[in-house]
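Below, each chain spelled out in residue letters.
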Amino acid sequence: MNENKKEAADQARRGGSARGKSWPAPKLNITARLGLVKFIPDEKSHLSVIDPEVCKTRCPQKFCTHTCPAQVYRWEDEEKLISIAFEGCLECGTCRSGGCPWENIEMSYPRGGYGVQYRLG
Amino acid sequence: MNPATRETTNRTTPSHFAAIIVGGGPAGLAAAITIAEAGLKVAVIERGDWPGSKNMMGGQIYSHPTSKIVPDFWKDAPLERQIVRRDMWMTTADSTLKASYETTDFKLEPYNSFSVFRSRFDKWLAEQARAKGAYIINETLVEDLLWESGKVIGVRTGRDQGDLEGDVVIIAEGVNRFLTEKAGLGEKIRPAAVALAVKEVLALPKEKIEDRFNLEDETGAALEIVGDITGGLPGTGFIYTNRDTISIGVGVILKGLVDRVGEAYELLERFKRQPQIKRLIDGAGPREYAAHLIPEGGYRDMPQLYGDGVLVTGDAAGMVNAVFTEGANLALLSGKMAGETVVHADEQGSFNADTLSYYGRRLEKSLIIKDLKQFQNAAPFLSSHAHMFNLYPEVASAAMKEFLTVDTLSKADKMHLIMKLFRSQVPTRRLVRDMYDAWRAIL
C-alpha cells in the first residue's frame with residue numbers, strides 16, 4: 001500500500017473539512033427551514049443592538065450573523081448596520097450568551113403569547 | 001388556543017399563593033404538581049400559549065424520575081417510542097465505528113426512557129398539574145421579581161395589574177437566566193459553559209423507521225454521534241426515533257462556534273450529509289426546525305439555588321449532566337424537591353433563606369448534586385481537549401480500515417502500519433496526557 005498517497009488523500013480531505021481555516025460550505029439560506037416554524041410576531045422588537053458603532057467599526061466578523069441559528073441578524077452593507085428580523089427569532093438566547101462577543105445585543109423575551117410557537121419542540 | 005387553557009387563564013385567580021412558579025417546563029410543572037398535591041395554592045406562569053410551546057430538547061425523557069411525578073405516566077402521556085437501544089457512533093467524513101446496547105428489558109414496564117416532543121409532553125404535564133389544582137397562567141411573561149425588605153415576595157408580569165404575590169417564587173425559567181440574574185443569584189451564562197443545539201424533525205413513514213433502525217413497533221433508538229460532524233468543535237450529534245418522525249440535531253459549545261465564526265445549522269447540514277447518516281434520513285421531509293441553549297457548565301457554573309423567598313430549579317439552576325446528556329430528569333427531580341421545600345416551609349411558617357436551605361440539603365443528598373459534582377471537571381476538559389472530538393475518531397477509523405482491508409500485506413505488517421499511524425497522529429505524550437486528563441475529569 002502506498003502510504004504517502006494515503007496520507008496525501010487524508011490531508012486533502014482534511015483540508016477540505018472544517019480543520020482548515022475557512023468554513024467550506026456556502027452560507028445556507030434557512031428561510032425555508034424557518035418557514036416550518038410557527039411564529040406569532042409582536043409589533044415591537046424584543047431584540048436590539050446597543051451601539052451600532054461597535055458593529056460598524058469593531059466587529060469585522062459580524063459574529064451575530066453567523067452564531068444566530070435563525071439568521072435574525074444581517075449586515076446591511078449599504079446602511080452599514082445590523083438589521084434584525086426579530087419576527088423569526090427562535091428565542092434561544094445565543095445572542096445574549098456570547099453569540100455577540102461584544103455583548104452588544106440586548107435580548108428580552110417577547111411579550112406573553114408572542115414569538116415562536118413550537119408544535120413539536 | 002385550546003379552550004381548556006383559555007378557561008384557566010380567565011378563571012379568577014387568588015391574590016396570594018404559597019408558590020408562584022416561573023416557567024412551565026419539567027422543573028416548574030413537577031414543583032406545581034408536588035405543591036398542589038399538598039393542598040397549597042400554586043400558580044405556574046408560562047409565557048407561551050401553552051406550557052411546552054417554547055420548549056425543545058433532543059430528546060428523551062426517563063421513566064423513573066417522570067413516574068416520581070406522575071405514576072404510570074406511560075399509560076396516558078403523549079409519548080413517541082420506548083427507547084430500547086442506545087448507540088454511540090464515532091464518525092469521520094466517510095466512516096463510522098459504532099457501539100450499541102440494546103435490551104428487551106427496556107420495553108417492559110416501567111421502561112427506561114421514551115422519545116417525546118416537549119411541546120406535547122409539557123402540555124400534558126401541565127394538564128396533570130391543573131387537575132391537581134394548580135393554576136396555569138399562559139401567555140404571560142414575568143418581567144421582574146417583587147421585593148420587600150430584601151425578600152422576594154412575588155412577580156411582576158407583563159399584564160395590566162399583573163403583580164402576583166406568593167410565599168415563595170420558584171424560578172424555573174430555563175437556560176436564559178433573566179430572573180436568576182435579577183435576583184442576584186447568578187450571572188449570565190458563559191459561552192464556554194453553554195451549548196447551542198439546533199434540531200430538525202424529519203417525517204418518515206413508520207415502517208421505514210423500523211426497517212432502517214432495526215426496530216419493532218413502539219420501540220425506538222437513541223443515537224449519540226461524535227467526530228467529524230462537529231467539524232472539530234466540542235459537541236455531539238444526536239438522533240432520536242419518534243413514531244413517524246426522526247429528531248436529528250447537533251449541539252456544540254458556543255464558545256467554539258464563536259471562535260470559529262461558524263454556523264450551527266451548517267454543522268447540522270454537514271451531519272446530515274455524512275454517508276452513514278444520510279442513509280438513515282434519506283427521503284425524510286422536514287417538519288420543524290428548532291434551536292435551544294443547553295447549560296453544560298455543570299457544578300461550577302451553577303447559580304445560588306435559594307435565597308429569601310426564592311428557589312431556582314432545572315436548567316435555570318444549570319442542572320444538566322452533559323456527559324450523559326441528562327437534563328429533563330434533573331429538572332423534574334429538582335422541581336419536585338423545590339415543591340417539597342415549599343411544603344416544608346409552609347409547615348414551618350417561614351420562607352427565609354435559612355428555611356429554604358432545606359432545598360439545598362435535599363439536592364446535596366440526591367443524585368443531582370452528586371452527579372454534577374462528580375462530573376464538574378468534564379465541561380472544562382471537553383472545551384480544552386477539542387482535538388479529541390475528531391482526532392481519535394479519525395485514528396480509530398484509519399486503524400479499523402487498515403485492519404479490515406484485505407490486500408497483500410501480512411497481518412503483522414498491518415499491525416505495524418497501524419501502530420505507526422497511531423504514533424504519528426497521537427504522540428505517546430499526548431495520549432498519556434489525554435487519558436490522564438479524561439480520567440481526572442470523569443472519575
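Our subject is the structure listed above.
Keep in mind it's a predicted model, so treat the numbers as computed, not measured.

### Regarding the overall build of chain A
1) Next: Summing up its helical and strand segments, chain A has four helices and six strands in all.
2) Next: Start at the N end of chain A and walk to the C end: the helices and strands fall as α-α-β-β-α-α-β-β-β-β.
3) Next: In chain A, buried positions account for 46% of the 121 residues.
4) Next: Approximately 6,500 Å² of chain A is accessible, and the part contributed by carbon and sulfur atoms is 52%.

### Observations concerning the pattern of salt bridges
All names here are of chain B.
1) Next: Counted under the stated rule, the structure contains 33 salt bridges over all chains.
2) Next: Between R81 and E210 there is a salt bridge, and its shortest N-O distance comes to 2.9 Å. Of the two residues, R81 sits in the loop between α3 (63–69) and β4 (82–91) while E210 sits in helix α6 (residues 206–212), which places them 129 residues apart along the sequence. Here R81 and E210 have matching classes, each one buried.

### Brief notes about the interface of chain B and chain A
1) Next: At the junction of the two partners, chain B supplies 65 residues and chain A supplies 53 residues.
2) Next: Here chain B and chain A share an interface that buries about 5,200 Å² over both sides, 53% of which is from carbon and sulfur atoms.
3) Next: Sorting the residues of chain B by area buried against chain A places Y265, E288 and Y289 of chain B first, and these three jointly supply 14% of that buried surface.
4) Next: Here chain B is connected to chain A by six salt bridges.
5) Next: K54 of chain B serves as the salt-bridge partner of E91 of chain A, at 3.0 Å between the closest nitrogen and oxygen.
6) Next: Only α4 (118–131), α5 (178–182), β11 (194–203), α7 (254–260), α8 (264–273), β15 (285–295), α14 (388–404) and α15 (411–425) of chain B provide two or more residues apiece to the side of chain B that touches chain A.

### Thoughts on the pairing of strand β12 (residues 219–227) of chain B
All names here are of chain B.
1) Next: Burial within β12 is extensive, with nine of its nine residues counted as buried.
2) Next: Along β12, one buried face is formed by T219, A221, L223, I225 and G227 and the opposite face, lined by G220, A222, E224 and V226, is buried too.
3) Next: As judged from the nine bridges shared by β4 and β12, these two strands associate in the parallel manner. The residue of β12 that forms the bridge with I83 is G220.

### Describing the packing of aromatic side chains
Think of a pair of aromatic rings as described by two things: how far the centres are apart, and how the planes are tilted against each other in angle.
Residues and elements named next belong to chain B.
1) Next: A complete count under the given rule lists 11 aromatic pairs over all chains for this structure.
2) Next: With centroids separated by 5.8 Å and ring planes inclined at 50°, the aromatic side chains of F238 and Y240 adopt a geometry described as tilted.
3) Next: By relative accessible area, F238 is classed as buried at 13%.
4) Next: For Y240, a relative accessible area of 9% corresponds to the buried category.

### Focus on the side chain of S119 of chain B
1) Next: One can find S119 of chain B in helix α4.
2) Next: Reaching out from S119 of chain B, the side chain makes a polar contact with the backbone oxygen of Y118 of chain A at a distance of 2.6 Å.

About the thresholds
Residues numbered from 1 in each chain as written. Chains lettered and ligands numbered in written order. Predicted model: local features only at pLDDT ≥ 70, side-chain atom pairs only at ≥ 80, totals over all residues. Heavy atoms only, no water. Helix = DSSP H or I, 4+ residues; strand = E, 2+ residues; numbered from the N terminus. Buried < 20%, exposed > 50% of the residue type's maximum accessible area, 1.4 Å probe, protein only. Areas by Shrake-Rupley, 256 points an atom, 1.4 Å probe, with all protein chains shown as cover. Salt bridge = Lys/Arg side-chain N within 4 Å of Asp/Glu carboxyl O. Contact = heavy atoms within 4.5 Å. Buried area = accessible area lost by both parts, 1.4 Å probe. Pairing = 2+ DSSP bridges. Phe/Tyr/Trp six-rings, centres within 6.5 Å; stacked < 30°, edge-to-face > 60°. Polar contact = N/O pair within 3.5 Å; in protein donor to acceptor, adjacent residues only side chain to side chain.

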